[in-house]
Amino acid sequence: MARNAEKAMTTLARWRAAKEIESGEKDRRPYLASECSDLSKCEKYRLEIIREISKKVAQIQNAGLGEFRIRDLNDEINKLLREKRHWENQISALGGPHYRRYGPKMFDAEGREVPGNRGYKYFGAAKDLPGVRELFEQEPPPPPRKTRAELMKDIDAEYYGYRDDDDGILIPLEERVEYDAIRASIQEWKDKMATDGKIVFDDGEIEEDDIYPLSIPAREAAEERKERQKENNPMELLAPKFTAHVPVPSQKDVEEALLRKRKQELLEKYGGDLDE
């Protein structure tokens, strides 16, 4: 049998090559993806690479091909995967879809990377080759443990929290929380005073019983304020009313009577001394 070089020199082979050049049927893929500026051709070359990868992945599943043939197929698949990434980058640079970002992750589930060797994957029967199986079985080395001296290097005043107030963030947060807590306590106290029957003024402030008696005008103003609250409250109209059948003195009349009685007592006491 003649060699491949001798076959290529035959008349039929040369005629076939000339016809392919004339008809333009033979469109070889550029070696570099950056040399192609046509988006449609880039898409075409990407699909060709995907078909080649699929064919070689199907071939490498056969463990009877031999160790050297399986290794060659695995190298060719990884080379085609790198080439596919180059064409996808060129497609996105020309304004096409971003396959690497949004496209499906083809062949990722079938390939497996060795821990610590990122980028190179093993497919099919290549995972069971001598020397490769042991790489997948061994566990990654544990991270080195730090000594006590190395751990103590990172311990300073900030580690114990002595510099927490220096950043200017913690103090405003504490003031806001403290303000909210004070407002909640005041509101709770006001509600408790309201339930205990303390006086509620128009502005919503609650006052405890004053140990100092109010003057007459102040008391009259307080009584008028209470009367207005009763008139504005429709529930007061439904409450039972008390009708007095005898004249009932008002608070003002009682105070005037007490004042007159007190004056009379003073006059009787000091007036009698003067007469003697």
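Residues numbered from 1 in each chain as written. Predicted model: local features only at pLDDT ≥ 70, side-chain atom pairs only at ≥ 80, totals over all residues. Heavy atoms only, no water.

Where an unreviewed UniProt entry is consulted, the chain appears under the name Pre-mRNA-splicing factor ISY1 homolog, with the organism given as Glossina morsitans morsitans. We quote the UniProt Sequence similarities (unreviewed entry) comment for the chain here in full: "Belongs to the ISY1 family." (UniProt positions renumbered as here; feature names shortened; annotations may be inferred.)

## So, the packing of aromatic side chains
The way to describe two aromatic rings as a pair is by their centre distance and the angle between their planes. Summed over the entire model, instances satisfying the criterion amount to 3 aromatic pairs. Look at Y120 and Y122: their rings are 5.1 Å apart centre to centre, the planes differ by 75°, and that puts the pair in the edge-to-face class. Classification of Y122 as buried rests on a relative accessible area of 14%. Centre to centre, the rings of Y159 and Y160 are 5.2 Å apart; their planes meet at 85°, and the pair counts as edge-to-face. For Y160, a relative accessible area of 55% puts it in the exposed group. (Phe/Tyr/Trp six-rings, centres within 6.5 Å; stacked < 30°, edge-to-face > 60°. Buried < 20%, exposed > 50% of the residue type's maximum accessible area, 1.4 Å probe, protein only.)

## Quick notes on the nonpolar core
Among the nonpolar cores identified, the biggest contains 23 residues, and I53, I60, I70, I77, W87, F123 and A126 are the most heavily contacted of them. Secondary-structure elements contributing two or more residues to this core are α3 (39–60), α4 (67–93) and α6 (132–137). With 7 residues, the top contributor of residues to this core is α4. (Core = buried A, V, L, I, M, F, W, Y, C linked by side-chain atoms within 4.5 Å. Helix = DSSP H or I, 4+ residues; strand = E, 2+ residues; numbered from the N terminus.)

## Describing the side chain of E88
As for its position among the elements, E88 is in helix α4. Excluding its chain neighbours within four sequence positions, the residues that come into contact with E88 are R46, Y99 and R100. (Contact = heavy atoms within 4.5 Å.)

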